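# An overview of the molecular structure
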Amino acid sequence: MTASCAQSGRQRVCVLGSTGSIGKSTLDVIARNPDQYTVHSLVAGRNADVMLEQARQFRPQYIVMADEQAANKLRADLQSEGLRIAVESGQDAMNQVAADGDVDVVMAAIVGAAGLPPTMAAVRAGKKILLANKETLVMTGALFMDAVKASGSVLLPIDSEHNAIFQCLPADHLRGLERVGVRRILLTASGGPFRQSPVESFAAVTPEQACAHPNWSMGRKISVDSATMMNKGLEFIEACWLFDARPEQVEVVIHPQSIIHSMVDYEDGSVLAQMGNPDMRTPIAHALAWPGRIPSGVAPLSLTEIARLDFYAPDMMRYRCLKLAQDVARSGGTAAAMLNAANEIAVDAFLERKLRFDRIPEVINATLQTLPVMSAGDIDQVLEADREARYLARKQVSQMQGVA
Ligand SMILES: NC(=O)c1ccc[n+]([C@@H]2O[C@H](COP(=O)([O-])OP(=O)(O)OC[C@H]3O[C@@H](n4cnc5c(N)ncnc54)[C@H](OP(=O)(O)O)[C@@H]3O)[C@@H](O)[C@H]2O)c1
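Computed from a predicted model, the values in this text were never measured in an experiment.

### A look at the overall build of the protein
When you go through the protein residue by residue, the secondary structure sums to 18 helices and eleven strands. Here the C-alpha atoms of the protein give a radius of gyration of 21 Å, agreeing with the 22 Å that 2.2 N^0.38 yields for 404 residues. Each principal axis of the C-alpha atoms in the protein carries an extent, and together these give about 55 × 55 × 45 Å. By residue count, 56% of the 404 residues in the protein fall in the buried class. Contacts in the protein between residues far apart in sequence, at least 24 positions, make up 70% of those at least 6 positions apart. When the accessible surface of the protein is summed, it comes to about 17200 Å², and 50% of that surface belongs to carbon and sulfur atoms. Counting 39 positive and 45 negative side-chain charges, the protein places the averaged centre of each group 2 Å from the other.

### Focus on the site of the ligand
Within the structure, the ligand sits among 25 residues, and T19, S21, N47, E135 and G219 are positioned closest to it. G45 is positioned such that a nitrogen or oxygen atom in its backbone is 2.9 Å from an oxygen atom of the ligand. For the ligand, whose free accessible area comes to 900 Å², the fraction covered by protein is 84%. Elements supplying a minimum of two residues to the shell around the ligand: α2 (21–32) and α7 (134–140).

### Focus on the domain arrangement of the protein
The accessible area lost on association of the parts is a frequent measure of interface size. Taken domain by domain, the protein consists of domain 1 (3–157) and domain 2 (332–404). Distance from the C-alpha centre of domain 1 to the C-alpha centre of domain 2: 28 Å. At the interface, ten residues of domain 1 touch twelve residues of domain 2. Across the domain 1 to domain 2 interface the summed buried area is about 770 Å²; carbon plus sulfur atoms make up 72%. Per-residue buried area on domain 1 facing domain 2 is highest for V138, M139 and L143; these three make up 61% of the total on that side. Linking domain 1 with domain 2 are zero salt bridges.

### Side note on the packing of aromatic side chains
Taken as a whole, this structure holds five aromatic pairs when the rule is applied. Taking the centre distance of 5.8 Å and the plane angle of 65° together, the rings of F166 and W290 count as edge-to-face. Of this pair, F166 sits in helix α9 (residues 160–168) while W290 sits in the loop between α13 (281–289) and α14 (303–306), and the two are 124 residues apart along the sequence. Each ring, one from F194 and one from F357, has its centre 5.4 Å from the other, and the planes form 75°; the classification is edge-to-face. One end of the pair, F194, is in the loop between β8 (182–189) and α10 (207–211); the other, F357, is in the loop between α16 (335–351) and α17 (360–370), and 163 residues separate them in sequence.

### Considerations on the environment of V103
Residue position: V103 is located in the loop between α5 (91–98) and β5 (105–108). Sequence spacing of V103 and Q11 is 92 residues, and the spatial spacing of their C-alpha atoms is 7.9 Å. When residues no more than four places from it in sequence are discounted, the contact partners of V103 are R12, C14, H40, S41, V97, A98 and K127.

How each quantity is defined
Residues numbered from 1 in each chain as written. Predicted model: local features only at pLDDT ≥ 70, side-chain atom pairs only at ≥ 80, totals over all residues. Heavy atoms only, no water. Helix = DSSP H or I, 4+ residues; strand = E, 2+ residues; numbered from the N terminus. Rg over C-alpha atoms; globule rule 2.2 N^0.38 Å. Buried < 20%, exposed > 50% of the residue type's maximum accessible area, 1.4 Å probe, protein only. Contact = heavy atoms within 4.5 Å. Areas by Shrake-Rupley, 256 points an atom, 1.4 Å probe, with all protein chains shown as cover. Lys, Arg positive; Asp, Glu negative; His and termini not counted. Charge placed at Lys NZ, Arg CZ, Asp CG, Glu CD. Near = heavy atom within 4 Å. Polar contact = N/O pair within 3.5 Å; in protein donor to acceptor, adjacent residues only side chain to side chain. Domains from an automatic or database assignment. Buried area = accessible area lost by both parts, 1.4 Å probe. Salt bridge = Lys/Arg side-chain N within 4 Å of Asp/Glu carboxyl O. Phe/Tyr/Trp six-rings, centres within 6.5 Å; stacked < 30°, edge-to-face > 60°.

Rendered as structure tokens:
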């Protein structure tokens, strides 16, 4: 199989987080372009049923599940159907498959800090990385970008905003934004489902309401992040690293229709925007095929049907998580890893109905106020900051439980 794929010139893709929203969209784009891509391996957490369906359709060489029981169930199911696919479980197997010599492209779409080890393994192995898992870059910042440079990896952003910015920037933008005439990056945000709700109503927001995004269909964690606008905060930090931008060069603009995915403002007054229907298959197809183009299955944009596009400045009293992230972008070191870890704990607690929606920024703020910011000299220091922040954030959550 390996030899025939290499001979046919198809790119061999490893999908980290294949059972999730981005993972499924990635497989959809691959299925539309079978002459150009083949699935080498699929990696996920515990959803053995969805993985079985994906295994039947894409026949990867390897599957890795984080959860051992899920891997055992899948192995038995595959065997009973006569499908000969190697199934492993655990972190080491994930790292190995992401760095496998037969892999050309790695879609990094595991949610949260759990995506860090396999994504880093893929970077160190010099793979072409399609980065959806923004938390990895937010946590490790300069360490991640240095590893990309050292290995010669090609790094392409999947977040629709960063993919849009990438498409609007000149190819040599890493010479420096000012040198290529860029004045500002305009990072658009839908404003989430509570853009117009009274701030006083945030205390009663349920997980179902927070996960009902007006424009995008996404996993639960990023949906809550979009509702608090921590997602935009993480994207703000991500943009600084990806495009070597200072925080003051990135401006967040609320654009409720999510048609313009972000813009670049040049010193001659030109503003370049990338537009499209809100469907993640567009940035996925763009990154898979870059510098070419392939069909994605996304419907053509009808501007006459959309008719109007609105823009507002964000209200920082409403979006306290965005403010916290922007402050962290200015402080550097381990602060971003701590912010990300405290946010993951707070969002999990909210989804499990153990924390009120309006307390998410309080948990993060209290964690950041308590822990000292250290320099992020290596991955171990980042992981230590992540662990400490998780411990403290969990304490904050239990202290806030039962407090009216
Ligand atoms: N969805 C979007 O539109 C969108 C847009 C831009 C960026 N992103 C980013 O893309 C990433 C994925 O988002 P999503 O919306 O696709 O999330 P999702 O639907 O919740 O999917 C998450 C994926 O990660 C897997 N996973 C969770 N924990 C794991 C672990 N410990 N080890 C291995 N795999 C694990 C899940 O597997 P199981 O379900 O099998 O447990 C699932 O395949 C996030 O970083 C998000 O910020 C998403």
